[in-house]
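Structural characterization, general
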Amino acid sequence: MAACELKGELKYRDGETKKITVKAENNLKSIISSVKKLNSDISEVLTSLVEQEKCLTGNGNKGDSVEDEEEDDSDEQEDAEETPVVKPNSDGPPAKRLKP
């Protein structure tokens with residue numbers, strides 16, 4: 001059978017690109033395993049990028065994430081205050097509308 005290739009391309013923020021290619025045979029089983037391999041290769045590249053960014057920012061943005069969580073909590077509290085509370089009608093189902 002003829003061989004085929006699966007290709008992936010990662011574009012960095014600075015415009016640089018990295019191409020990842022995985023060879024596969026022309027059958028479904030081989031293509032599925034090649035997709036898994038491509039996924040794994042891309043995950044490795046992205047993991048190394050995340051680690052590099054953590055090193056560049058110091059302690060991995062731990063201080064910033066706490067502030068972000070506090071800000072998110074305050075947004076949720078504001079939304080809760082703005083949303084009117086609808087109480088269920090304990091008298092039973094709503095009345096039917098009368099036709100004019």
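Anyway, here's the lowdown on the structure attached to this text. (Residues numbered from 1 in each chain as written. Predicted model: local features only at pLDDT ≥ 70, side-chain atom pairs only at ≥ 80, totals over all residues. Heavy atoms only, no water.)

**Quick look at the overall build of the protein**
A tally of regular secondary structure across the protein gives two helices and two strands. Written out in order from the N terminus, the α and β elements of the protein read β-β-α-α. Of all 100 residues assigned to the protein, the portion counted as buried reaches 11%. Within the protein, residue pairs in contact and separated by at least 24 positions form 33% of the contacts whose partners lie at least 6 positions apart. A total accessible area of about 9200 Å² is found for the protein, and carbon and sulfur atoms account for 52% of it. (Helix = DSSP H or I, 4+ residues; strand = E, 2+ residues; numbered from the N terminus. Buried < 20%, exposed > 50% of the residue type's maximum accessible area, 1.4 Å probe, protein only. Contact = heavy atoms within 4.5 Å. Areas by Shrake-Rupley, 256 points an atom, 1.4 Å probe, with all protein chains shown as cover.)

**Describing helix H1 (residues 28–56)**
Compared with the 42 Å implied by 1.5 Å per residue over 29 residues, the 42 Å span of H1 between its first and last C-alpha is a close match. If you check which residues of H1 are buried, you get Ser30, Ser34, Leu38, Asp41 and Val45. Against the buried residues of H1 lie strand E1 (3–11) and strand E2 (17–25). Positive phi shows up at glycine 58, right after H1, with a value of about 100 degrees. (Expected span 1.5 Å × (residues − 1).)

**Details of the pattern of salt bridges**
For the structure shown, the criterion picks out three salt bridges. For the salt bridge of arginine 13 with glutamate 53, the shortest nitrogen-to-oxygen distance reads 3.2 Å. Here glutamate 53 lies in helix H1 and arginine 13 lies in the loop between E1 and E2, a separation of 40 residues in the sequence. On the basis of relative accessibility, which here comes to 38%, the residue glutamate 53 falls in the partly exposed class. (Salt bridge = Lys/Arg side-chain N within 4 Å of Asp/Glu carboxyl O.)

**Overview of the pairing of E2**
Bridge count for E1 against E2 is nine bridges, and the pairing is antiparallel. Along E2, the bridge assignment pairs lysine 7 with threonine 21. Here E1 hands over to E2 after five residues, with glycine 15 in that stretch at a positive phi of 100 degrees. (Pairing = 2+ DSSP bridges.)

**Structural notes on the nonpolar core**
With six residues, the main nonpolar core is built from Leu6, Leu10, Ile20, Val22, Leu38 and Val45. Of all the secondary structure elements, the ones that give two or more residues to this core are E1, E2 and H1. Setting aside its immediate chain neighbours within four residues, leucine 38 contacts Leu6, Lys7, Gly8, Ile20 and Val22. (Core = buried A, V, L, I, M, F, W, Y, C linked by side-chain atoms within 4.5 Å.)

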